[in-house]
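# Breakdown of the fold
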Amino acid sequence: MTEHRTHAAGDGANTPLKVVKSDAEWREQLTPDQYRVTRQHGTERAFSSPDFALGKAGTYRCICCGNALYDARTKFDSGTGWPSFFQPLEPEAVTQVTDRSYGMTRTEVKCADCDAHLGHVFPDGPAPTGLRYCMNGVALSFEPA
């Protein structure tokens, strides 16, 4: 399997590296559920995520490329059935795009390094940001501190 990392734009200074893999390489690396969610913009069933217990110190990473996405201290119980965070680890860790699928307008959240679909962000989260990054648990891995 070959993984290519290229600069996203410009001359490479202060731009994220993009992970580029073929569809076959993603299918080989990921489980069927991980592939469906991250590469085909799917959604896992509510309350079916891996058990990411609140209160554990660590970092949530992209399951596809390992990009550090969320600090465990920003995780909260939203009651929605999906892992929820009030902010990304760094603003540049994720990108946001308008998603008009299913007759709705939402803000999709993607990994900035590999464009994996992670979930959506909503304006109904707790302080200090008021945001709820509602992520698919199969799109994340947890690295304890």
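All of the points below concern the structure found in this document. (Residues numbered from 1 in each chain as written. Predicted model: local features only at pLDDT ≥ 70, side-chain atom pairs only at ≥ 80, totals over all residues. Heavy atoms only, no water.)

## Considerations on the side chain of His 117
- With respect to the helices and strands, His 117 occurs in strand β9 (residues 117-122).
- A polar side-chain atom of His 117 sits 2.8 Å from a polar atom in the side chain of Glu 108.
- Excluding anything up to four places from it in sequence, His 117 contacts Val 37, Thr 38, His 41, Gly 42, Glu 108, Val 109, Asn 136 and Ala 139. (Helix = DSSP H or I, 4+ residues; strand = E, 2+ residues; numbered from the N terminus. Polar contact = N/O pair within 3.5 Å; in protein donor to acceptor, adjacent residues only side chain to side chain. Contact = heavy atoms within 4.5 Å.)

## Concerning the sheet that holds strand β4 (residues 68-71)
- Read across the sheet, 3 strands follow the order β4-β3-β11 without closing on themselves; strand pairing throughout is antiparallel. The sheet terminates laterally at β4 and β11 (140-144), the two strands that pair on one side only. Neighbour-to-neighbour, the strand axes of this sheet turn through a mean angle of 30 degrees, independent of strand direction.
- As paired strands, strand β3 (residues 58-62) and β11 are joined by 5 bridges and run antiparallel to one another. Bridging across to β11, Cys 62 finds its partner in Leu 140. (Pairing = 2+ DSSP bridges. Axes fitted to C-alpha atoms, helices over the stretch in contact; angles between N-to-C directions.)

## What to know about the nonpolar core
- Within the largest apolar cluster, 26 residues are counted, with the highest numbers of intra-cluster contacts made by Leu 69, Tyr 70 and Cys 114.
- Counting residues per element, the ones that place at least two in this core are α2 (32-40), β3, β4, β8 (106-111), β9 and β10 (132-135). (Core = buried A, V, L, I, M, F, W, Y, C linked by side-chain atoms within 4.5 Å. Buried < 20%, exposed > 50% of the residue type's maximum accessible area, 1.4 Å probe, protein only.)

## Let's talk about unusual backbone geometry
- Looking along the chain, the bond that leaves Ala 127 and enters Pro 128 is cis, with omega of 10 degrees.
- For Pro 128, the position within the fold is in the loop between β9 and β10.
- Phi at Tyr 102 takes a positive value of approximately 60 degrees, unusual for a residue other than glycine.
- Along the chain, Tyr 102 turns up in the loop between β7 (94-99) and β8.
- With a phi angle near 65 degrees, Asp 115 is a residue other than glycine that sits in the positive phi range.
- Among the structural elements, Asp 115 can be located in the loop between β8 and β9.

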